[in-house]
Amino acid sequence: MQHIISVLVENKPRVLARVASLFARRGYNIESLAVGHTQDPDVSRITLVVRGDEDILEQITKQLYKLIEVIKVGDFTESSYVDRELSLIKVNAPSNLRGEIVQTAEIFRARIVDVSEKSLLIEVTGTSDKIDALEQLMKKYGIIEMTRTGKIALARGSQSL
Amino acid sequence: MKMKGAQILIELLKKEGVTTIFGYPGGSVIDIYDALYQAPEIKHILVRHEQAAAHAADGYARTTGKVGICMATSGPGSTNLVTGLANAYMDSIPIIAITGQVGTRLIGKDAFQEADTTGITMPITKHNFLIKSIHELPLIVREAFLIASTGRPGPILIDIPKDVQTAEVDFNYPEKFEIPGYKPTYRGHINQINMTAQAIKEAKKPLLYVGGGVIASGASDILLEFAEKTDIPVTYTLMAKGAIPEDHRLSLGWLGMHGSYHANKAIMNCDLLIAVGTRFDDRVTGNTATFANRAKIVHIDIDPAEIGKNVKIHIPIVGDARNILNELNKRTETKKHDEWLQTIEKWKKEYIPKPPVSNELLAPTIIDLVYQATQGDAILVTDVGQHQMWAAKHFLCHQPRKWASSGGLGTMGFGLPAAIGAQVGNPDQTVVLFSGDGSIMMKIQELVTAVNNCLPLKIFVLNNNYLGMVRQWQECFFDCRYSSTHIINPDLANLAQAFGAEGIPVQNQEELDKAIQRALEVKDHPVLVDCRISKETNVYPFVPPGKSLDEMILE
């Protein structure tokens, strides 16, 4: 089962390496990873998407807590949360197809952020499914290149991790 | 007053109560060595290979309960510490390694003697630090000592670039500090403790299985009190040898692959297993699916990640072993388990290992004799292999911290430097080292360290011209194909003499008796007794890897 884990860490050098090294050493797979600082510049939040049964997730959480620079670990899977990814998709856009591509992007509330004679650069945010769907539709025009951030997530409601 | 980083480091070490450092100088620690030269309060033991510095700090920590300190230069000095750090990490031993690093401006430029020490040691330290500025130095040293010695203890490495050692600032000692992500749990959950007390009340065949955590938390006395009051027999891991007196009526000896027959039988037949400060290592459990499969299992450990890692636990209790055993003791009533103890006694009589008939010297006999000659009043250190198992079986320990052996990592070469650390930390005690001809050669150069420091180590090399434990496996599982396990050694007694130690070759009983007597009377230099033993004797009982604890090969 897929789990989204949020890890609050001290914003210090090598802390990401410690987390990544832990996952590598214990044989846990990371499906996606996103990291950035929080409202407190001394604290960063690492959002991990991992797959595993209950026992593995319990071990992952406990092993993360053993890292001295890890302050808090939360698993969103059981609670109500909002998760988002951002993607940039550069797609072939000859003038005769351009209108069609822009219309499709609008349906996804995606934005055109760069235009050239032959291409469009589309910025889209949303759940993984939404980005998958847009990617699928863009394939027929020919995706020149694309990039996706890892997933980020926060719990709904006023409580924090 | 302005002070150099190197001087500040020494001041901080003094404030932490450090009296001894095991180390080896080099270009990137030359400033620290200069500061050390001017600090007579701290004794520096010069080893001859940095790995030995780490093992010596480890042996010192195991036998004194204090944090052991080792020091090495950047690059090769640091990489040589790696095995020692991994060894201390596996056995949760508090040591601090101080390493020099190239100047901050050179880091990442592949400078001379540069290695990514913090990167390399990340998975084998409890935590490590690379100091980027002299202003961080005091707090980091304080944090290092706290982290090494609290919670589940472990090794810490502090990497100090050259320019941090030479920079000058006003020394401010951080009196108070907090590490936001480090808050070990010491007190056990009271409901869980009550549930355990209830389980003890109901149990007919309870068993205590204790590990190194009992030693680390200083819980031996309370363990004994609790076991006696509840009449629960105790088995222990190699790490907890000495946690209770080994000749106590409730002591079953240590368990596992080469553990005692009746301890393994007890594991497989108990109805309540109380595991304390132990991690269900594969050499202890054998097949985890069958391990204690008739029992309700309670696991008490300060490291939450150990609970449920290898074996399913019914009652987990996170916290300090001493605290929790104390709470349990208060909540339990006096009990008797005569029937259960009689069953165990029956198993004990069922299997009494017979000494093989041989004209040659046998390792167990030698160990028995040394044990008798010392009356058990010694610190026992071993290397790794057959001799380690024999020594652990035949040389009993009746107190904690009288035993140093590489449990988790199984590091050949640990013995001699660890014995040096033990003797330096306990100058008034007799330190006996049992080693093998394979193990001793891995760190033989440290004999000169022992000679230089007038350490009266009693070293018994059980020499069978084999890497005996591997040979035993080859005999049992590889049809006696002794691939690369027959070894041809130098004359070890003469070699010892060349180092300035005393070397005594021993071929027969008479020579052995004399050598033991001589070794024990020497007070100012190490004695190495090269005991030529029977070549192809095996360690029994023997649970083949992955098998259940009741599937022991007995002879």
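Residues numbered from 1 in each chain as written. Chains lettered and ligands numbered in written order. Predicted model: local features only at pLDDT ≥ 70, side-chain atom pairs only at ≥ 80, totals over all residues.

So what exactly am I meant to see when it comes to the overall build of chain A here?
The helix and strand tally for chain A stands at four helices and nine strands. Each helix and strand of chain A, ordered N terminal to C terminal, gives the series β-α-β-β-α-β-β-α-β-β-α-β-β. Seen through its C-alpha atoms, chain A measures out along the principal axes to roughly 60 × 35 × 35 Å. Buried positions account for 25% of the 161 residues belonging to chain A. A separation threshold of at least 6 residues defines the contact pool for chain A, and within that pool the share at least 24 residues apart is 74%. (Helix = DSSP H or I, 4+ residues; strand = E, 2+ residues; numbered from the N terminus. Buried ≥ 20, exposed ≤ 12 C-beta atoms within 10 Å, placed from the backbone. Contact = placed C-beta atoms within 7 Å.)

Any chance you could explain the sheet that holds strand β17 (residues 431–436) of chain B here in plain terms?
In a beta sheet, neighbouring strands pair by backbone hydrogen bonds and run either parallel or antiparallel. Residues and elements named next belong to chain B. Across the sheet, six strands lie side by side as β16-β15-β17-β18-β20-β19; this open sheet has parallel pairing. The open sheet has two free edges, formed respectively by β16 (403–404) and β19 (502–506), since each of these has just one partner strand. Examined bridge by bridge, strand β18 (residues 458–463) and strand β20 (residues 527–532) share six bridges and lie parallel to one another. When the sheet's bridge partners are listed, L462 is paired in β20 with C531. (Pairing = 2+ DSSP bridges.)

I keep staring at the packing of helix α3 (residues 50–64) of chain B against helix α17 (residues 415–425) of chain B and nothing clicks. Help me out?
Two packed helices can be described by the angle between their axes and the distance between those axes. Residues and elements named next belong to chain B. As a packed pair, α3 and α17 sit with axes 6 Å apart at the nearest point and diverge in direction by 45 degrees. Comparing the axis directions of α3 and α17 gives the class oblique. For the pair α3 and α17, the sense of crossing is right-handed. Across the interface between the two elements, A52, H55, A56, A57, D58, G59, Y60, T63 and T64 from α3 touch P417, A418, A419, I420, G421, A422, V424 and G425 from α17. Across the contact of α3 with α17, the residue classes break down as 10 nonpolar, six polar and one charged. (Axes fitted to C-alpha atoms, helices over the stretch in contact; angles between N-to-C directions. Parallel < 35°, antiparallel > 145°, perpendicular 65-115°, else oblique. Left-handed = near helix turned anticlockwise from the far one by under 90°. Nonpolar A, V, L, I, M, F, W, Y, C, P; charged D, E, K, R; others polar.)

I keep staring at the interface of chain B and chain A and nothing clicks. Help me out?
Often the size quoted for an interface is simply the accessible area lost on bringing the parts together. Counting residues at the interface gives 13 residues for chain B and 15 residues for chain A. By residue class, the composition of the side of chain B that touches chain A is eight nonpolar, four polar and one charged.

Which parts of the structure should I look at to understand the environment of B:D34?
Within the element layout of this structure, B:D34 appears in helix α2 (residues 30–37). Residue classification places B:D34 among the partly exposed positions, given that 16 C-beta atoms sit within 10 Å.

What's the story with helix α20 (residues 468–477) of chain B in this structure? I'm lost.
Three or four residues apart is the spacing at which side chains of an α-helix point the same way, because the helix has 3.6 residues per turn. All names here are of chain B. Those residues of α20 that fall on the buried side of the exposure criterion are G468, M469, R471 and Q472. The arc enclosing the buried residues of α20, seen along the axis, measures out at 160 degrees, which places them on a common side. For α20, the secondary structure elements touched by its buried residues are α16 (386–394) and β17. Backbone geometry just downstream of α20 places D479 in the positive-phi region, at approximately 55 degrees. (Arc of directions from axis to C-beta.)

Explanation requested: the domain arrangement of chain A in the structure shown.
Residue and element names in this part refer to chain A. On domain assignment, one finds that chain A holds domain 1 (2–79) and domain 2 (82–153). Here domain 1 and domain 2 have C-alpha centroids that lie 29 Å from each other. Counting from both sides, the interface comprises eight residues of domain 1 and, opposite them, six residues of domain 2. Sorting the residues of the side of domain 1 that touches domain 2 by element identifies β1 (2–10), β2 (30–37) and β3 (43–51) as the ones contributing at least two each. Of all the elements, β2 adds the most residues to the side of domain 1 that touches domain 2, at three residues. For the side of domain 1 that touches domain 2, the residue count by class is five nonpolar, three polar and no charged. (Domains from an automatic or database assignment.)

Please clarify how the nonpolar core should be interpreted in this entry.
One recurring pattern in soluble globular proteins: nonpolar side chains tend to sit buried together. Ranked by size, the top nonpolar core spans 190 residues in total, and within it B:A53, B:C70, B:I95, B:I96, B:L273 and B:V529 carry the most contacts. Those residues in contact with B:I95 that sit more than four places away from it in its chain are B:A54, B:A57, B:D58, B:A61, B:V67, B:G68, B:C70, B:A88, B:A148 and B:P155. Ranked by size, the runner-up nonpolar core spans 12 residues in total, among them A:V91, A:A93, A:A105 and A:I131. (Core = buried A, V, L, I, M, F, W, Y, C linked by C-beta atoms within 7 Å.)

Help me out: how do you make sense of the pairing of strand β6 (residues 127–130) of chain B in this one?
All names here are of chain B. Neither face of β6 is exposed, since H127 and F129 on one face and N128 and L130 on the opposite face are all buried. Where β6 lies against strand β7 (residues 156–161), four bridges are found, and the strand directions are parallel. Note on β7: the bridge partner recorded for H127 is I156. One crossover worth recording links β6 to the parallel β7 by way of helix α6 (residues 137–149), and it is right-handed. (Right-handed = clockwise from strand over helix to strand, strands pointing away.)

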